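Observations on the model geometry
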Amino acid sequence: MTNTSHDRLLIIDFGSQVTQLIARRLRELNVYCEIHPFQKVTEEFLAEFSPKAVIFSGGPASVIDASSPRPPTSVFDLGIPILGICYGQQVMMQMLGGKVERGHGTAEFGRAFVTPEESDLLLLKGWFDSGREQVWMSHGDHVSEIAPGFKVFGTSPNAPYAITADTARNFYAVQFHPEVHHTPNGSKLYENFVRMAGFTGDWTMGAYKDEAIRKIREQVGDKKVICGLSGGVDSSVAAVLIHEAIGDQLTCVFVDHGLLRQGEAEEVVTMFRDHYNMPLIHADEQDLFLGELDGQFDPETKRKIIGRLFIDVFQKHAAEVGGAKFLAQGTLYPDVIESVSFSGGPSVTIKSHHNVGGLPEKMGLKLVEPLRELFKDEVRALGLELGLPDSFIGRHPFPGPGLAIRCPGEITREKLEILRKADAVFIDQIRKHGLYDEIWQAFVAILPVRTVGVMGDGRTYDFACALRAVTSVDGMTADYYPFSHEFLGETATRIINEVQGINRVTYDITSKPPGTIEWE
């Protein structure tokens with residue numbers, strides 16, 4: 001679903017690890033933008049995409065190398081504003097007649113401070129009020145000579161051309177990364193750039209909802225659609241959006257694998273079948289999943305079993321619909337971006353993901369992916385537009401394999417029941433103390449070890465558990481939430497008193513990296 005009704009900004013990706021953050025900053029300004037790898041951006045692509053402005057991202061390459069990535073030279077002839085960031089600045093200078101040199105003592109990594117040379121640049125409106133601005137640098141090469149027509153507007157100790165501009169052509173370039181948190185005033189720079197480019201901020205969830213409904217109707221016509229409903233926010237928003245577009249042509253298949261949180265299956269079924277009056281197949285397959293997981297200890301093996309069974313079960317129940325031509329998925333924009341490798345090489349697999357990959361081809365179905373232009377926070381905003389309850393939209397992320405990856409070691413029904421009860425107490429504590437919305441994700445993991453304890457003057461030999469709560473923006477990095485000792489003590493006491501089978505509680509203070517958010 002390619003957007004055509006809004007002014008569009010093109011981000012040309014040269015491989016930076018933080019390119020997605022550029023898009024997030026722009027979306028926060030209600031500006032529609034898309035990220036595309038430099039290999040894809042040809043003259044023909046530019047003509048079809050018709051951007052109103054272009055941003056060059058950073059990247060790991062050196063423009064000095066003959067094989068380094070470049071945008072097409074025709075991008076400079078479009079007569080539209082261009083902003084180059086880090087590598088994007090260097091490639092702009094190199095292609096327009098400036099010079100770039102290797103480090104030689106001018107590399108900068110981390111926090112730096114930029115001071116103004118001139119202040120009459122609209123891009124810098126609201127900057128330098130205190131005389132200098134903190135920015136985040138990450139460069140080895142440096143611009144040694146700016147291109148003809150450019151002037152210097154800001155410098156740092158190791159970047160004499162930290163901010164440059166050719167105002168006659170609306171070309172702007174910065175050596176630092178304004179998109180990252182460590183450039184505190186960076187969003188203001190993006191705001192100035194898009195306003196100068198003439199964007200009006202018309203990218204809203206209300207407008208997106210109406211357009212998405214129209215496009216779903218055009219794509220599907222009178223055909224049937226099936227949707228794998230996990231109960232998570234993404235698939236739920238996709239299901240409600242599609243149902244609003246085509247009504248009973250949509251049937252959802254909710255696979256209950258016995259690895260859900262306390263009361264979750266009932267909540268999902270009630271909301272979708274009763275509240276939304278949506279055709280829903282509740283596939284209760286707990287015995288199948290838990291049977292095949294019996295005796296399995298390896299986390300990758302468990303993930304693969306769950307993924308395989310999910311596909312088998314989904315396919316079996318989807319056949320009950322009869323005549324379906326489309327499969328709906330809650331694919332998000334980060335999934336789309338990350339499916340295109342900058343270098344063309346493989347990425348390291350940290351852990352397998354539970355999804356319905358391979359199903360469309362196997363079942364002869366076409367995909368409906370109405371969220372593929374949205375980031376996670378935008379999906380939540382769309383869910384609110386669609387009338388989903390705040391309490392549901394604001395729920396913490398929950399993994400597809402469910403409690404299986406919060407139960408290291410062997411999975412048993414006894415351990416799952418203990419885990420459900422402990423998790424419910426922990427979340428209740430967080431809500432009771434008004435902390436739920438401050439935390440990205442919180443859960444309990446039951447550990448594959450029993451410990452000796454004493455309760456009521458008697459010896460116990462029960463499970464230990466770990467509490468996990470993290471803060472994050474997008475789940476890519478995370479830090480532990482700094483609960484007070486009073487909170488942790490109160491929570492541990494409640495779990496031990498209320499959950500039979502646990503006699504020891506720990507708190508996980510590992511960040512991501514080096515750890516992952518989930519335990520497996």
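Here the structure is a predicted model, which means the values were calculated and not measured.

Let us now look at the overall build of the chain. The secondary structure content of the chain amounts to 15 helices and 20 strands. Taken against the 2.2 N^0.38 rule, which gives 24 Å for 520 residues, the C-alpha radius of gyration of the chain at 26 Å falls within 12% of a compact globule. With the principal axes as the frame, the chain shows a C-alpha extent of 80 × 60 × 40 Å. Taken across its 520 residues, the chain has 56% of its residues classed as buried. Within the chain, contacts between residues at least 6 apart in sequence are counted, and of these 76% link residues at least 24 apart. Entry remark: accessible area of the chain is about 22500 Å², with carbon and sulfur atoms responsible for 50%. In the chain, which carries 50 positive and 69 negative side-chain charges, the distance between the mean positions of the two groups comes to 2 Å.

Between helix H14 (residues 413–432) and helix H15 (residues 485–498), whose axes approach to 10 Å, the crossing angle comes to 145 degrees. Considering the relative orientation of H14 and H15, their crossing is right-handed. Residues Ala 422, Val 425, Phe 426, Asp 428, Gln 429, Ile 430 and Lys 432 of H14 form the contact with H15, whose participating residues are Phe 487, Glu 490, Thr 491, Arg 494, Ile 495 and Glu 498. Per-class residue counts for the contact of H14 with H15 are 6 nonpolar, 2 polar and 5 charged.

Our next topic: the pattern of salt bridges. One pass over the structure, following the stated rule, counts 25 salt bridges. Between Asp 7 and Lys 52 there is a salt bridge; the shortest N-O distance is 3.0 Å. Of this pair, Asp 7 sits in the segment before strand S1 (8–13) while Lys 52 sits in the loop between helix H2 (43–49) and strand S3 (53–56), placing them 45 residues apart in sequence. With a relative accessible area of 31%, Asp 7 lands in the partly exposed category. Classification of Lys 52 by relative accessible area gives partly exposed; the value is 27%. Note that Glu 292 and Arg 308 form a salt bridge whose closest N and O atoms lie 2.8 Å from each other. In this pair, Glu 292 sits in helix H8 (residues 286–293) while Arg 308 sits in helix H9 (residues 299–318), placing the two residues 16 residues apart along the sequence. Among the ionic contacts, a cluster of salt bridges with common partners joins Arg 261, Glu 264, Glu 267 and Arg 395.

We now examine the packing of aromatic side chains. A ring pair, where both rings are aromatic, is described by two values, the distance of the centres and the angle of the planes. Enumeration according to the criterion identifies 18 aromatic pairs in this entry. Residues Tyr 480 and Tyr 507 carry aromatic rings whose centres are separated by 6.4 Å and whose planes lie at 80 degrees to one another, so their mutual orientation is edge-to-face. Here Tyr 507 lies in strand S20 (residues 502–507) and Tyr 480 lies in strand S19 (residues 479–480), a separation of 27 residues in the sequence. Judged by relative accessible area, Tyr 480 falls into the partly exposed class, the value being 32%. You can call Tyr 507 buried: its relative accessible area is 18%. Over the aromatic face of Phe 199 sits the side chain of Lys 52, whose NZ or CZ is 5.8 Å from the ring centroid.

Turning to the side chain of Arg 420, a few remarks are in order. With respect to the secondary-structure elements, Arg 420 resides in helix H14. Using a relative accessible area of 14% as the deciding quantity, one classes Arg 420 as buried. If we skip the residues at most four places from it in the chain, Arg 420 touches Gly 258, Leu 259, Leu 260, Arg 261, Gln 262 and Leu 403.

Overall, the predicted model of the chain reaches an average pLDDT of 86, with 91% of residues at or above 70. A low-confidence stretch, residues 341–357 stays under pLDDT 50, and its non-local contacts, those more than four residues away or across chains, total 30 contacts.

Take the sheet that holds strand S12 (residues 224–229) next. If you trace the 5 strands from one edge of the open sheet to the other, you get S14-S13-S12-S15-S16, paired in parallel fashion. What marks the edges here is a single partner per strand, and that holds for strand S14 (280–284) and strand S16 (366–368). Across the sheet, the mean angle separating the axes of adjacent strands is 30 degrees when strand polarity is ignored. Both strand S15 (residues 324–328) and S16 contribute to a ladder of 3 bridges, which runs parallel. If you follow Ala 328 over to S16, its bridge partner there is Val 368. In the packing of helix H6 (residues 233–246) onto the sheet, the strands contacted are S12, strand S13 (250–256), S15 and S16, and the crossing angle to S12 comes to about 160 degrees.

Right, let's talk about the nonpolar core for a bit. Ranked by internal contacts, the top residues of the largest apolar core, which has 52 residues, are Phe 426, Ile 430, Phe 483 and Ile 495. If one sorts the elements of this core by residue count, H14 sits on top with 8 residues. Leaving out residues up to four positions away in the same chain, Ile 430 has contacts with Leu 435, Tyr 436, Ile 439, Ala 442, Phe 483 and Phe 487.

Every regular strand shows the same layout, with side chains that alternate between the two sheet faces. Within strand S2 (residues 32–37), 6 of the 6 residues are buried, leaving the element largely enclosed by the surrounding structure. Across the two faces of S2 the burial is the same, with Tyr 32, Glu 34 and His 36 and Cys 33, Ile 35 and Pro 37 all buried. The pairing of S1 with S2 spans 6 bridges and is parallel. Opposite Asp 13, over in S2, you have Pro 37 as the bridge partner.

Cut-offs and rules
Residues numbered from 1 in each chain as written. Predicted model: local features only at pLDDT ≥ 70, side-chain atom pairs only at ≥ 80, totals over all residues. Heavy atoms only, no water. Helix = DSSP H or I, 4+ residues; strand = E, 2+ residues; numbered from the N terminus. Rg over C-alpha atoms; globule rule 2.2 N^0.38 Å. Buried < 20%, exposed > 50% of the residue type's maximum accessible area, 1.4 Å probe, protein only. Contact = heavy atoms within 4.5 Å. Areas by Shrake-Rupley, 256 points an atom, 1.4 Å probe, with all protein chains shown as cover. Lys, Arg positive; Asp, Glu negative; His and termini not counted. Charge placed at Lys NZ, Arg CZ, Asp CG, Glu CD. Axes fitted to C-alpha atoms, helices over the stretch in contact; angles between N-to-C directions. Left-handed = near helix turned anticlockwise from the far one by under 90°. Nonpolar A, V, L, I, M, F, W, Y, C, P; charged D, E, K, R; others polar. Salt bridge = Lys/Arg side-chain N within 4 Å of Asp/Glu carboxyl O. Phe/Tyr/Trp six-rings, centres within 6.5 Å; stacked < 30°, edge-to-face > 60°. Lys NZ or Arg CZ within 6 Å of the ring centre and 35° of its normal. pLDDT = per-residue confidence, 0-100. Pairing = 2+ DSSP bridges. Core = buried A, V, L, I, M, F, W, Y, C linked by side-chain atoms within 4.5 Å.

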